Amino acid sequence: MILPGQSPADLVLSPTGLRFQGRRYPCTIGRSGITRDKREGDGATPAGLHRIMGALFRPDRLPRTAVPAWAQPILPGDLWSDDSRDTAYNQHVRAPYAFSHEALRRADPLYDLVLVTDWNWPEARPGKGSAIFLHTWRRRVAPTAGCIAFARRDLLRIARAIIPGQTRLIVPYF
């Protein structure tokens, strides 16, 4: 079912998965469910209308041909600031870095491909949450810290079909 103002090109989260281009993709969300009042560290996925603004990938794990041409490589030392006291809060930063941060280059495959949303970006409000990504899941039933996670093959298919800055992610409060 398409809602008023919704496009078939939108990513729409539902209780049964993410709908996109006539398909439903199984996914997991934050361990605290969906919230209208997102806070840093609450483990919730923020409700609302978000845009996919970019993609990051591990070039040592995924060939360039597998990811969209607009995806940027995750290099050693790439981090994401999650410290609301930091002027670069909710931004891609580089090591060494004094403020609290999350490593983008992980030992596990969760961030081998990351779609970056515009949640609390580019003008981040301190404490409202950082790094709401679409990424690979740990396991099909394992919740995230607030992101939306998929099987690798599904995330790759979604990533190749979206247009950065134009594809919308709709997260209804249910």
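Check the entry above for the structure.
Reference entry: report on the structure contained in this document. (Residues numbered from 1 in each chain as written. Predicted model: local features only at pLDDT ≥ 70, side-chain atom pairs only at ≥ 80, totals over all residues. Heavy atoms only, no water.)

Overview of the state of the cysteines
- Here the structure, examined in full by the defined rule, presents zero disulfides.
- Left without a disulfide partner, cysteine 27 is nearest to the cysteine sulfur of cysteine 147, which lies 12 Å away.
- Judged by relative accessible area, which is 6%, cysteine 147 ranks as buried. (Disulfide = S-S within 2.5 Å. Buried < 20%, exposed > 50% of the residue type's maximum accessible area, 1.4 Å probe, protein only.)

Some points on the pattern of salt bridges
- Here the structure, examined in full by the defined rule, presents 14 salt bridges.
- Between aspartate 10 and arginine 168 there is a salt bridge; the shortest N-O distance is 2.7 Å. With aspartate 10 in the segment before β1 (11-14) and arginine 168 in strand β14 (residues 168-171), the pair connects residues that are 158 residues apart, well separated along the chain. Across the pair, arginine 168 and aspartate 10 agree in class, each one buried.
- For arginine 106, the salt bridge identified is with glutamate 102, shortest N-O distance 3.6 Å.
- Residue class for arginine 106 comes out partly exposed when judged on its relative accessible area of 21%.
- Here glutamate 102 falls in the partly exposed class, since its relative accessible area comes to 22%.
- Where salt bridges share partners, they join Glu102, Arg106, Asp108 and Arg138 into one cluster. (Salt bridge = Lys/Arg side-chain N within 4 Å of Asp/Glu carboxyl O. Helix = DSSP H or I, 4+ residues; strand = E, 2+ residues; numbered from the N terminus.)

A short note on the sheet that holds strand β8 (residues 78-81)
- If you trace the three strands from one edge of the open sheet to the other, you get β9-β8-β10, paired in antiparallel fashion. Edge positions in the sheet fall to β9 (92-94) and β10 (101-103), since each has one partner strand and no second. Across the sheet, the axes of successive neighbouring strands diverge by a mean angle of 40°, strand direction being ignored.
- In this structure, β8 lies alongside β9, joined through three bridges in antiparallel fashion. Bridge pairing in β9 links tryptophan 80 to histidine 92. (Pairing = 2+ DSSP bridges. Axes fitted to C-alpha atoms, helices over the stretch in contact; angles between N-to-C directions.)

Regarding the pairing of β8
- A two-sided burial pattern is seen for β8, the buried positions comprising Asp78 and Trp80 on one face and Leu79 and Ser81 on the other.
- Bridge analysis of β8 against β10 gives three bridges, and the strand direction is antiparallel. Counted as the bridge partner of serine 81 is histidine 101 from β10.

Digging into the pairing of strand β12 (residues 133-136)
- Judged from the two bridges that link them, strand β11 (residues 113-117) and β12 form a sheet pairing that is antiparallel. Its bridge partner being in β12, leucine 115 is matched across the sheet by leucine 134.
- Bridge analysis of β12 against strand β13 (residues 148-150) gives three bridges, and the strand direction is parallel. The residue of β13 that forms the bridge with leucine 134 is isoleucine 148.

Comments concerning the environment of alanine 95
- Examined against the element boundaries, alanine 95 turns out to sit in the loop between β9 and β10.
- Considered as a pair, alanine 95 and aspartate 78 are 17 residues apart in the sequence and their alpha carbons are 6.4 Å apart.
- With sequence-adjacent residues up to four places away left out, alanine 95 is seen in contact with Gly77 and Leu79. (Contact = heavy atoms within 4.5 Å.)

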